[in-house]
Structures are given as C-alpha cells and as structure tokens.
Amino acid sequence: MDMSPEKLVDAYRLMKTIREFEERMRSEYQQGKLPGFIHIYRNQEAIAVAACLDMTNEDYIASTHRGHGHCIAKGCEIEAMLLELACKEDGLCNGKGGSMHIADMSKGMLGANAIVGGGPPIAAGAALTAKTLGNGAVSMAFIGDGASDQGTVAESLNLAVVLQLPMIFMYENNRYAEFTRSPKPDGRIAERAGAFGMPSEVIDGSDFFAMYDACQQAIARGRDGGGPTAIEAVCNRYYGHFEGDAQAYRDQEELAQERAVSDPIPRFLADPRAAALTAEKIADIDVAIMAEIDRGFEVTYAAADPTPDKLYTDVYIHYEGRLR
Amino acid sequence: MKMTIREAINLTLHQEMERDERVIVLGEDVASDQGGVYGITDGLPAKFGLHRVIDTPITESAIVGAAGGAALTGLRPVAELMFVDFLGVCLDQILNQIAKFRYMFGGQARTPVVIRTMIGAGTGTGPQHSQILYPLLAAIPGIKVVTPANAADAKGLLTTAIRDDDPVIFCEHKALYMDECEVPDGEYVLPFGQASISAEGSDITIVGMSRTAVIAGEAAAKLAQKGISAEVIDLRTLSPLDEASVLESLAKTGRLVVVDESNPYCSMASEIAGLVAERGFDTLDAPVKRVTSPHTPVPATPCLEADYVPSVERVMAAVEETLSY
Ligand SMILES: Cc1ncc(C[n+]2csc(CCOP(=O)(O)OP(=O)(O)O)c2C)c(N)n1
Ligand SMILES: [Mg+2]
C-alpha cells in the first residue's frame, strides 16, 4: 500500500463529500425541490472513492442508477452535478438526463444508467478503446448485486476475458435489489466472475484501505496488459431503494446492526493509516465541503429551467412540419 | 364498484389465479410485501403461495423467455416486464421466439403468455423509463397488444388476455394507475379488436389509445362547450386493431385527428392515417391530423416532459385546424 498524504486527504474529502451531498439531496428531495427518482449512495462511499482515487480523466467508469457517489469520486464538479440533478439548462447533460442518466465525458464518467446491467458492455467498449489505442487507460463498471444476474453482465465478463480487456468489474453487493434481499451468499458474485477466467476477490466494502489495495492491484493489472479483474465489495444499503422507500420490508434490527458496522468513514478515521489527518485538518475539510454544497444548491435554485426549444437540441433527424 | 386501474388489475389477477391454477405470476419484486413497485401484485403471494407468485432475479430475457417456455408447455404465465423500456433487454425472446412458435411450428404449439408492462411519460423518470414503444410491439406478427385507458377496460381486457391462447402484451400507462371508474362485478370479459366509442359526435372523429384516449375525451368535452361535436374512439387493443370502427366513424364525421403518445415516425397514428388514406379516402373532408410526441427521446426535465406528450390544448388546436380546412 502506498498512499501519499495528498491521496489520504482526497480519500477523506471525497467520502465525506459524498456523504454530505447525499444527505442534503435527501432532505431537499423530501421537501419536493428535486425532480424524478433518486437513489442514495450512503454507506457505500469507500467503494467509489477507493475505485476512482488512482484514476485520471483518461480512465473510464460506467455507473448505475445509484450513481451520485461514482460521479463525485470520478471528479465531477458538485455545482454542475446539482444543476443536472435539478434538470437545469446548465447541468452536465443540459438537464435532460437527471439523476439516473447523469454523465460527464470530460471526466471519463460514461453515465449513470437506468437500465440495470446496461453499464458493463459500455465499460467493455471503453476498455477496448484503451486497449486498441494502447494508452494505458482502464475502464470500470459498477454493478449491483441485483445487476450481477443480468445476461449483459455475464456477456461482458466473457468478452473481457476473451479480449483481455483492461477492465474492472466493481460489484457493489449491498445485499438488496429494490425490496428483495439477495438470495446469494456473499462471495458468490466474485466466484462467478472468477469462473470466467479472471482474478476475483471479495472485499469488505466499508474498509477503505482494503478496497484501495484491491483497486490499486486491479488498475495496475489493467494498465500493464494483464486483463480484467473482478472485485465484490460487500456493503450495506443504508436507506431505501429510492428516496421515499421506508424499507418496512427489512428486519429493522438487522438493518440497524448493518448500518452501524458498515459505515466506512469512522472506520477510515480510526485506522492508524489515517493518523496524519488531525482533528483540525478534518474540521477544515468539512467546512469547505459544506460550503461547496451550499453554494451548489444556491446556484442551482437560482438557475433557469431549459426553454421549450431545448427539447430539440441534439436531435439529428428532423421531420420538417411534422415534428409532432 | 368504483376502483382504480391499479386495483382493477390486482383484482383480475386474483380472480384469474383463483379460476385456473395454471396461471402463475412472475417478475422482479412481484412477491415482495409491497406487491411490486406499484402494489399491483399485492396480496397474491399470501393467497396463492410463492410457487405461483415468483420473485425472479433481475434478468428480463430469462423472465420473459421462461414465461414463454412455460406457456408453450402448459402453464399460463403472467410475466411482469416492469417498464416497457426493458424490452431492450429481452426483445429476442419476444420477437424471435414467443411471437413465432405457433406459426413456425406449423400450428403444433400455442403460447398463452401475458406480459404486463408499464408504459408512458409523465412521471419525471427520464429517457430510459418513459417510453411508449407499443408501435414497435404492434409491428410484430404474432403479438397481441392491449392498451386499456380505464379500470373497467383493464379488468375486461386482462381477463381476456389471460384466457387467450396466444401471446399478449398488456400495456399499463403509469400516469393512469390511480384513475377511477365504475367496474362491473364478477366475471367481465372484453373481446380484443373492438374499440369503444367513448363519446359520440358528428363533426369530427378523435382516435386515442391508453392515456391519449383520456386526453381525447377531455378535449372532446371542452370542444362541446364550443359547439363542436367530437366522436372519441378508444382503440383499446392495437393489435388486433378495430379498423371498422374507425372507418365507420369517419364515414359519419368526415374528419379525423389521431392522438398517440408515440414518437411520430412509424407510430400508431401513422398506421391509422395509412388505413384511412387507403380505405377511407372517399369519406375524408380534410387531411388527417396526427398529434404525437416529438421525434426525440423523453427528456428527464419536468418542464420539457410536460411539453412532450400530447396535451388537451394541442388536440383542440388540431381539431380546430381540421375543421377549418
Ligand atoms: C433492466 C432493468 N430491470 C429492472 C430495473 C428496475 N430496477 C431498478 S434498480 C433495481 C434493483 C437493482 O439492484 P442492484 O443491482 O443490487 O443495485 P442497488 O439498487 O442495490 O444499488 C431494479 C430491479 C431496471 N431499472 N432495469
Ligand atoms: Mg443491491
């Protein structure tokens, strides 16, 4: 494990940003100030951050419906993200994508995805670009435990092995798909990926340092032409499937227990490897994070909605006189 | 009894599962405590057991394909494709398998499968959860496509769909689930290929389906206040299509507006316009007018989405334009 002091600060800053961002999203959404459906990433922060910490803008990720944390970890600007999540004209996708389709090509963020299992083939394609151009870039697909059953995921695993793609299958096993607890034991997903012929391991997704180790190895393997890797990060879905789902279907005692043991942030701070982060430093970082989020919401709520003509931007097939 | 479309579908599933033990329900979260995302399958697991109400993994190809395979071999599955947009994941099983068994196997096989699916815009869920796609389905020989616009029709048509020996895709518009109306008690069966005249009129015919049948009805009510008598036809099933009712109404009114939430190109509106150009030409007093969504994806942006789907105002404007031709 090599981790520079700057990386350590970044790791904390990004995890904490995701946490505060999501909590604020939740409360604003509950007040009816944000459109669409949102899926909150709380308690999974260590996975996204460990996964993206050593990536650059030339590396790619394909995200999921639960994508806010992936965006932040990959370096998307908070303000531009918020403008998109509120469907404003100056958002990353001009407000046309919203939470489930947010993308930032300049950061190698190839989109959240409202189609479960939609991301891995796209990530495989990005890995093919990297391999063909020989530029040393890697590509990662985030995949839920539920998504791991999709045929597209199996097909992508196979393709990545056959073509020896510089790709990482980052499974986030939060043990729930919508209202249904995963019938698979922890580890089954990694086992399955491994059976396709790639290195795979199961990691505690709330242990940032273990995750970072595994990601460094996987990324290095990809960059060095060693082919794909699968990581099953076992974690906890803190809130309901989407905001507004009170998860009455969950055993409340079990939920409370899982929430407590799987919060990655206190665990990170309690680790001796994070000792350089003094209380004072942390306080400064926290203040800056809150200010950035506050500013983002201020700008967002003052921003204009798209004008009606924007319905037709980025349309490249027109039928004159009978658009409707 | 008065009930919502959501309740009518739930009730029909109860009735048909009771009536025929070969009827099973399968899909993502259908056996969960909340009865799926919109509570449609509420109460079914408790009554019929988890062997007949089956939670599946998130694998649409396998859900739809296995439903087809089970139908081919003796069950009468009702599979749920949560959003019609997920058709993208499982199209092969519908297009190349289920739709073709009976014909391709020389009549040896029947495939009594129902695929229930949610369609339409209006809930801010964006490009991959808001599509209509029924024209794509109706274009497949061997697939029946059903689009109820009210709770009574939902009950009658779903009953028929489950009892039908061939594949049916049952399209539920998510913006209509809470619409309420009087629903006949007990057994209620409606034939496919029979449109309903939801309002009679003499000046113009407005054809709609699913949510646009409701919009057409609202437009007709407003037009009546202006002294315009519009006849509203709710197609109810898109394949088979009740061509006769459209042509008969047109023979009476001489003018036609078709309202369809699809993208305009290769839409149901285009299909009706084609029908009328070919077989109703002599009865036309004005060009047919199509009111559809634009030829774009559905934006997540609420203000753009509101402008996307056909509105009462746009239907009224189209009617007035047609009348002043
Ligand atoms: C193809 C497809 N099928 C079903 C859905 C509905 N859906 C959205 S999220 C979800 C559960 C996904 O679970 P998982 O992959 O574990 O991700 P998590 O929500 O736990 O992050 C389902 C079934 C969808 N969006 N796309
Ligand atoms: Mg999950």
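Since the structure is predicted, the reported quantities are computational estimates derived from the model, not experimental observations.

1. Focus: the coordination of the magnesium ion (ligand 2)
Residues and elements named next belong to chain A.
Point 1. Each protein donor to the magnesium ion (ligand 2) is listed here as D145 (OD), N174 (OD1) and Y176 (O); together their distances run 2.0 to 2.1 Å.
Point 2. Motif for the magnesium ion (ligand 2), donor spacing along one chain: D-x28-N-x1-Y. One end of the pair, D145, is in the loop between β2 (139-144) and α6 (151-162); the other, N174, is in the loop between β3 (167-173) and β4 (176-177), with 29 residues separating them in the sequence.
Point 3. Residue D145 is classed as buried on the basis of its relative accessible area, which comes to 4%.

2. Here we look at the domain arrangement of chain B
For an interface, size is often stated in terms of accessible area lost upon the parts coming together.
Residue and element names in this part refer to chain B.
Point 1. In terms of domain boundaries, chain B breaks down into domain 1 (2-182) and domain 2 (196-323).
Point 2. In this structure, domain 1 and domain 2 have C-alpha centres spaced 26 Å apart.
Point 3. Counting residues at the interface gives 26 residues for domain 1 and 22 residues for domain 2.
Point 4. Taken together, the two surfaces of domain 1 and domain 2 that pack against each other cover about 1,900 Å², and 59% of this comes from carbon and sulfur.

3. Looking at empty space enclosed by the protein
Point 1. Within this structure, the stated rule accounts for two cavities of 30 Å³ or more.
Point 2. The space that makes up the largest cavity amounts to roughly 90 Å³.
Point 3. In this structure, the largest cavity is lined by 15 residues; those nearest its centre are G36, F37, G98 and S99 of chain A together with G124 of chain B.
Point 4. Here the second largest cavity is characterised by a volume of approximately 80 Å³.
Point 5. G35, G36, V37, Y38, I40, E80, M82, R116, T117, M118, E172 and Y177 of chain B are the residues that line the second largest cavity.
Point 6. Where the lining of the second largest cavity is concerned, the elements lending two or more residues are β4 (76-83) and β5 (114-119) of chain B.

4. Some details on helix α7 (residues 188-195) of chain A
All names here are of chain A.
Point 1. Of the residues making up α7, those classed as buried are I189, A190 and A193. Along the axis of α7, the buried residues cluster in a sector spanning 95°; they form a single face. Exposed residues lying more than 90 degrees from the buried face of α7 are E191 and A195.
Point 2. Considering only its buried residues, α7 is in contact with α6, β3, β6 (200-204) and β7 (229-234).
Point 3. Within two residues after α7, G197 carries a phi angle of roughly 105°, on the positive side.

5. Here's the deal with the pattern of salt bridges
Side-chain pairs of opposite charge can arise where the charged atoms are in close proximity.
Point 1. Per the stated rule, a full pass over the model turns up 43 salt bridges over all chains.
Point 2. Note that E258 of chain A is salt-bridged to R181 of chain A, the shortest N-O span being 3.0 Å. Note that E258 of chain A is positioned in helix α9 (residues 252-261) and R181 of chain A in strand β5 (residues 180-181), a separation of 77 residues in sequence.
Point 3. Residue R22 of chain B is joined to D20 of chain B by a salt bridge in which the shortest nitrogen-to-oxygen separation is 2.8 Å.
Point 4. Through salt bridges with shared partners, a single network forms among R175, R181, D186, R250, E254 and E258 of chain A.

6. Digging into the site of ligand 1
Point 1. Close to ligand 1 lie 22 residues, the nearest being H65, R66, A114 and G146 of chain A together with E60 of chain B.
Point 2. Here A114 of chain A contributes a backbone N or O atom positioned 2.7 Å from a nitrogen atom of ligand 1.
Point 3. A total of 580 Å² of accessible area belongs to ligand 1 in isolation, and the protein chains cover 96% of it.
Point 4. Its residues placed into classes, the shell around ligand 1 shows 10 nonpolar, seven polar and five charged.

7. Looking at the sheet that holds strand β9 (residues 196-199) of chain B
All names here are of chain B.
Point 1. Pairing within the open sheet is mixed, and its five strands lie in the order β9-β11-β10-β13-β14. For this open sheet the edge positions go to β9 and β14 (289-291), each flanked by a neighbour on one side alone. Strand-to-strand twist across the sheet, computed as the mean angle between neighbouring axes with direction ignored, equals 25°.
Point 2. Where β9 and strand β11 (residues 230-234) come together, three bridges link them in antiparallel fashion. Along β11, the bridge assignment pairs A199 with V232.
Point 3. The sheet strands contacting helix α12 (residues 312-323) are β10 (204-208), β13 (256-259) and β14, and the helix crosses β14 at an angle near 175°.

8. Things to note about the interface of chain B and chain A
Point 1. Contacts between the two partners involve 37 residues from chain B and, on the opposite side, 37 residues from chain A.
Point 2. Considering only the side of chain B, the residues that lose the most area to chain A are I58, Q128 and L304 of chain B, jointly responsible for 19% of the buried surface there.
Point 3. Taken together, chain B and chain A are joined by seven residue pairs in polar contact (both at pLDDT 80 or more).

9. Details of the packing of aromatic side chains
Residue and element names in this part refer to chain A.
Point 1. Taken as a whole and assessed by the stated rule, the structure comprises 13 aromatic pairs over all chains.
Point 2. Both rings, one in F208 and one in Y212, keep their centres 5.7 Å apart while their planes meet at 15°; by these two values the pair is stacked. In this pair, F208 and Y212 are both assigned in helix α8 (residues 208-223), four residues apart and thus about one turn of the helix distant. Exposure class is identical for F208 and Y212. Each is buried.
Point 3. The interplanar angle of 85° and the centroid separation of 5.3 Å between the aromatic rings of F208 and F268 together place this pair among those described as edge-to-face. With F208 in helix α8 and F268 in helix α10 (residues 264-270), this pair connects stretches of sequence that are 60 residues apart.

10. Looking at the state of the cysteines
Point 1. Going through the model one piece at a time under the given rule, you end up with zero disulfides over all chains.
Point 2. Between C215 of chain A, a cysteine without a disulfide, and C52 of chain A, which holds the nearest cysteine sulfur, the sulfur-to-sulfur distance is 8.3 Å.
Point 3. Residue class for C215 of chain A comes out buried when judged on its relative accessible area of 2%.
Point 4. Looking at C266 of chain B, it has no disulfide partner, and the nearest cysteine sulfur is the one in C171 of chain B, 17 Å off.

11. A few points about the pairing of strand β2 (residues 23-27) of chain B
Residue and element names in this part refer to chain B.
Point 1. In terms of residue burial, β2 counts as a mostly covered element, since five of its five residues are buried.
Point 2. Side chains of β2 alternate between two faces, with V23, V25 and G27 and I24 and L26 buried alike.
Point 3. Examined bridge by bridge, β2 and strand β3 (residues 53-55) share three bridges and lie parallel to one another. Its bridge partner lying in β3, L26 is registered against I54.

12. Here's the deal with the environment of I228 of chain B
All names here are of chain B.
Point 1. Tracing the backbone shows I228 in the loop between α8 (211-225) and β11.
Point 2. Among the residues examined, I228 registers a relative accessible area of 14% and is labelled buried.
Point 3. For the pair I228 and K2, spaced 226 residues apart in the sequence, the C-alpha separation amounts to 30 Å.
Point 4. Each residue touching I228, except ones within four places of it in the same chain, is listed here: D203, L223, V319, E320 and L323.

Criteria and thresholds
- Residues numbered from 1 in each chain as written.
- Chains lettered and ligands numbered in written order.
- Predicted model: local features only at pLDDT ≥ 70, side-chain atom pairs only at ≥ 80, totals over all residues.
- Heavy atoms only, no water.
- Donors = N, O, S within 2.8 Å, 3.2 Å for Na, K, Ca; no water.
- Helix = DSSP H or I, 4+ residues; strand = E, 2+ residues; numbered from the N terminus.
- Buried < 20%, exposed > 50% of the residue type's maximum accessible area, 1.4 Å probe, protein only.
- Domains from an automatic or database assignment.
- Contact = heavy atoms within 4.5 Å.
- Buried area = accessible area lost by both parts, 1.4 Å probe.
- 1 Å grid on protein atoms, 1.4 Å probe; cavity = no way out; pocket = protein on both sides within 12 Å on 5 of 7 lines; lining within 4 Å.
- Points joined across faces, edges and corners; volume = space filled by probe spheres on them.
- Arc of directions from axis to C-beta.
- Salt bridge = Lys/Arg side-chain N within 4 Å of Asp/Glu carboxyl O.
- Near = heavy atom within 4 Å.
- Polar contact = N/O pair within 3.5 Å; in protein donor to acceptor, adjacent residues only side chain to side chain.
- Areas by Shrake-Rupley, 256 points an atom, 1.4 Å probe, with all protein chains shown as cover.
- Nonpolar A, V, L, I, M, F, W, Y, C, P; charged D, E, K, R; others polar.
- Pairing = 2+ DSSP bridges.
- Axes fitted to C-alpha atoms, helices over the stretch in contact; angles between N-to-C directions.
- Phe/Tyr/Trp six-rings, centres within 6.5 Å; stacked < 30°, edge-to-face > 60°.
- Disulfide = S-S within 2.5 Å.

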